[in-house]
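Breakdown of the fold
Each chain, written out:
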Amino acid sequence: MKLTRKMVLTRAKASELHSVRKLNCWGSRLTDISICREMPSLEVITLRPPVFLYFSDASTFYRMEMRPIPSVATFTWGFGSVNSISTLEPVSRCQRLSELYLRRNRIPSLAELFYLKGLPRLRVLWLAENPCCGTSPHRYRMTVLRTLPRLQKLDNQAVTEEELSRALSEGEEITAAPEREDTGHGSPKPCFTLSSLSSAAETGQDPLDSEEEAISAQGELGLKPASRDQFPSFSPRDASSSHRSRNVLTAILLLLRELDAEGLEAVQLTVGSRLQALRREEVQEHAE
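Residues numbered from 1 in each chain as written. Predicted model: local features only at pLDDT ≥ 70, side-chain atom pairs only at ≥ 80, totals over all residues. Heavy atoms only, no water.

Moving on to helix α3 (residues 161-170). Residues E163, L164 and A167 constitute the buried set of α3. All buried residues of α3 project into a common sector of 100° when viewed along the axis, lining one side. Among the exposed residues of α3, those oriented more than 90 degrees off its buried face are E161, E162, S165, L168 and S169. Close packing links the buried residues of α3 with α2 (137-147) and β9 (157-158). (Buried < 20%, exposed > 50% of the residue type's maximum accessible area, 1.4 Å probe, protein only. Helix = DSSP H or I, 4+ residues; strand = E, 2+ residues; numbered from the N terminus. Arc of directions from axis to C-beta. Contact = heavy atoms within 4.5 Å.)

Below, the structure written as C-alpha cells:
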C-alpha cells in the first residue's frame, strides 16, 4: 500500500505536507513511503507495528500505547499489522528528522543506511527485526554506529562512547547507496541525485548514460530535441558553455519526473517569474 497525501494529512491533522512534523503510520501495511520526499519538516517517523497484550481471562486485548494493563496473571505478546518498507531513500530528504522507528519492516541491507548519513539531527533509530540485521547482532550494531555516529539510541538501547570507539574498527564502512531496479514502490534505481547532477552540470560531464535517455526525457515533457547539426560552430569556450547548459536542462527534465502536481505547479510559477525577469532585462538592454 502506498502512503498518500490524503493519509498523511488526515493522520497528522495538517493542511500541507511541508508543515507535517510527526508521522505515525504503524500497522498500515505500507510498502511505499515515497511521499516523505515532499515533507522536509518531518522530525519523527513511526512505521513499526503496534504492540498488544492478550490476556488469558479476557476476550479483549490491550494496545500498550493506549490503555492501562489490568491486574491479571497470564498474558502473551502480539503484534498488529506490520508495514513492509524496503528502502530508506525517501527519508533522505527529511533534514530535520531526529527519530525514525522502523522495527519489523523489510529493509534488506545495511547499505540502506547510506540514505541516513546526510541527516544531521537523527538521534534515535529503531531498525531491529529487519532482514538487514542479519545473524550477527554485534556486527549489525557496530556497522550502524560506524555509519551513524551521532545516534544516541539504537533499537531502544542507549549508545555508549565505548561502542562508538569500537565501531570504528569493528563496523563495516558504508560508502555507497545500494543498487536496485525500480520496483514501483518508492525504491528508485539510484542513477541520479541532486548532488551528482549538479556536479555533472558544473564540470560539463554528461550525467546521462546515453544520448537516447536525454532525448527520451525531453520527449516525455513534450520538448522536441534539437539535432547537433542544427547548431553553428562554436569556439571551445562557447562549446563548453553550450554543453554545460544542455546538461543543466537535461538534469532539470529528469528531476521533473519525481514531482507530483503540486511540485510541478511550484516549478511553473518559478519559471514564469524567471521568464518575466529575463524579458524585462531584454527590454532594458534594447532601450539602452
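Here we come to the nonpolar core. By size, the foremost hydrophobic cluster in this structure holds 44 residues, and its most contacted members are V91, L100, L116 and L125. Elements supplying a minimum of two residues to this core: α1 (5-12), α2 and α3. With 4 residues, α2 is the single largest residue contributor to this core. Here V91 is in contact with I33, C36, I45, L97, L100, L116 and L119, once residues within four sequence places are set aside. The next biggest cluster of nonpolar side chains, apart from the first, holds 5 residues, and it includes V44, V124, W126 and A128. (Core = buried A, V, L, I, M, F, W, Y, C linked by side-chain atoms within 4.5 Å.)

Next up on the list: the state of the cysteines. Applying the stated criterion to the full structure yields 0 disulfides. Looking at C25, it has no disulfide partner, and the nearest cysteine sulfur is the one in C36, 7.9 Å off. With no disulfide partner, C133 has as its closest neighbouring cysteine sulfur the one in C132, 4.4 Å distant. Overall, C133 belongs to the buried group, its relative accessible area being 10%. (Disulfide = S-S within 2.5 Å.)

It is worth spelling out the sheet that holds strand β2 (residues 44-46) at this point. Within the open sheet, the 6 strands sit side by side as β1-β2-β6-β7-β8-β9. Their pairing is mixed. Each having just a single partner strand, β1 (22-24) and β9 make up the two edges of the open sheet. (Pairing = 2+ DSSP bridges.)

Next up on the list: the environment of L100. If you trace the backbone, L100 turns up in strand β6 (residues 99-101). Since its relative accessible area comes to 0%, L100 is described here as buried. Once the C-alpha coordinates of L100 and L23 are considered, the two residues, 77 residues apart in sequence, prove to be 9.8 Å apart. If we ignore the near neighbours within four places in the chain, the residues touching L100 are I45, L88, V91, L116, L122, V124, L125 and W126.

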